[in-house]
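Structural features, examined
Okay, here's what each chain looks like letter by letter:
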Amino acid sequence: MLAIPRDLHDKIVAHARADHPDEACGVLAGPAGSDRPERFIPMTNAARSPTFYEFDSTEQFRVWREMDDHDEEPVVIYHSHTATEAYPSRTDVSYANEPGAHYVLVSTRDPDQAEFRSFRIIEGQVTEEPVTVVE
Amino acid sequence: MAIEVRIPTILRTYTDGAKQVEGAGSTLGELLVDLDAKHSGLRDRLVDDGGLRRFVNVYLNDEDVRFLAGLDTPVKDGDTVTVLPAVAGGAV
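Quick look at the structure, then. (Residues numbered from 1 in each chain as written. Chains lettered and ligands numbered in written order. Predicted model: local features only at pLDDT ≥ 70, side-chain atom pairs only at ≥ 80, totals over all residues.)

**Some details on the overall build of chain B**
Tallying secondary structure elements over chain B gives two helices and eight strands in all. Along chain B, from the amino end to the carboxyl end, the secondary structure elements read β-β-α-α-β-β-β-β-β-β. Over its C-alpha trace chain B gives a radius of gyration of 13 Å, about what one expects of a compact globule, namely 12 Å for 92 residues. Principal axes of the C-alpha set define a box for chain B whose edges measure 45 × 30 × 25 Å. In chain B, which comprises 92 residues, the proportion classed as buried is 30%. Of the contacts formed within chain B by residues at least 6 apart in sequence, a portion of 46% connects residues at least 24 apart. (Helix = DSSP H or I, 4+ residues; strand = E, 2+ residues; numbered from the N terminus. Rg over C-alpha atoms; globule rule 2.2 N^0.38 Å. Buried ≥ 20, exposed ≤ 12 C-beta atoms within 10 Å, placed from the backbone. Contact = placed C-beta atoms within 7 Å.)

Given below as structure tokens:
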């Protein structure tokens, strides 16, 4: 299950809307081992594409080093799909390399209603999980 | 000669769970061969026929080695090499 504070949920959706039609991507960092997302870290999509995303490698290094220095880990890794459903694609599964993270997908295919779903992706297996938005 | 190599979570199966290992070599390429001798299979996750794998990031201290000399990047005692799998995906 993913328990996510309302403000972080809304920031992710706003980021996805702002970057539409390109895919948006980022991280929610939290204290290592806590499973609590606390810090919103939008990332640059170096691919700047409507159908692909990739973290900029130098930015990723800086963010991962910062998390390590503060004893944090990536609790959520999010990205958006701009014309398809909020479900992990084949490439999403191939490149899911943080087994401890919740993979959040947002779809901005509908201009009025964003889809927000969360998944665990472990060793190539996708398992959807319920999302609880904490007010 | 000791070069510190930081290993990401998904590659720790090759290092018996260690998040940091040590290696030797005067270039990144030599270092990876040295690491593979102690942690069999690790090199293959980082290198393919074309050189460094596309969706794996390797940094020498705080620079992506793609902006240096790739596998030919010189490394020395006291350097830190960090491996981070790229975070990527797409619609398909």
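**Comments concerning the interface of chain A and chain B**
At the interface, 24 residues of chain A touch 17 residues of chain B. At the level of secondary structure, the elements contributing two or more residues to the side of chain A that touches chain B comprise β4 (52-54), α2 (57-69), β5 (72-81) and α3 (90-94) of chain A. Here the side of chain A that touches chain B takes five residues from α2(A), the largest share from any one element. Considered class by class, the residues forming the side of chain A that touches chain B number nine nonpolar, eleven polar and four charged. (Nonpolar A, V, L, I, M, F, W, Y, C, P; charged D, E, K, R; others polar.)

**Focus: the pairing of strand β5 (residues 56-60) of chain B**
Residue and element names in this part refer to chain B. Buried residues dominate β5, accounting for four of its five residues. In the sheet, β5 pairs with strand β7 (residues 80-85) via five bridges, with the strands oriented antiparallel. Residue pairing for β7: Val-58 is matched across the bridge by Val-83. Where β5 and strand β6 (residues 63-64) come together, two bridges link them in antiparallel fashion. From the neighbouring strand, Tyr-59 faces β6, where its bridge partner is Asp-64. Hairpin connection from β5 to β6: two residues lie between these consecutive antiparallel strands, with Asn-61 at a positive phi of about 55°. (Pairing = 2+ DSSP bridges.)

**Digging into the environment of Leu60(B)**
Examined against the element boundaries, Leu60(B) turns out to sit in strand β5. Filtering out sequence-adjacent residues up to four positions away, Leu60(B) remains in contact with Leu28(B), Val65(B), Leu68(B), Thr73(B), Val75(B), Asp79(B) and Val81(B).

**Some remarks on the sheet that holds β5(B)**
All names here are of chain B. The five strands are arranged β2-β1-β7-β5-β6 in an open sheet whose pairing can be described as mixed. The open sheet has two edge strands with one neighbour each: β2 (20-23) and β6. Bridge count for strand β1 (residues 3-6) against β2 is four bridges, and the pairing is antiparallel. Bridged to Val-5 within β2 is Val-21. Taken strand by strand, helix α1 (residues 28-38) contacts β1, β2, β5 and β7, and its axis lies near 110° from that of β2. (Axes fitted to C-alpha atoms, helices over the stretch in contact; angles between N-to-C directions.)

**What about the nonpolar core?**
Val27(A), Val76(A), Ile77(A), Tyr78(A), Tyr103(A), Val104(A) and Val106(A) are the most contacted members of the largest nonpolar core, which has 33 residues in total. Breaking this core down by element, the ones donating at least two residues are β1 (2-5), α1 (6-19), β2 (25-31), α2, β5, β6 (102-107) and β7 (115-122) of chain A. Once residues lying within four places of it in the same chain are set aside, the contact partners of Tyr103(A) are Ile77(A), Pro88(A), Ala96(A), Ser118(A), Phe119(A) and Ile121(A). Grouped together as the second largest cluster of nonpolar side chains are 16 residues, Ile3(B), Leu31(B), Leu46(B) and Val81(B) included. (Core = buried A, V, L, I, M, F, W, Y, C linked by C-beta atoms within 7 Å.)

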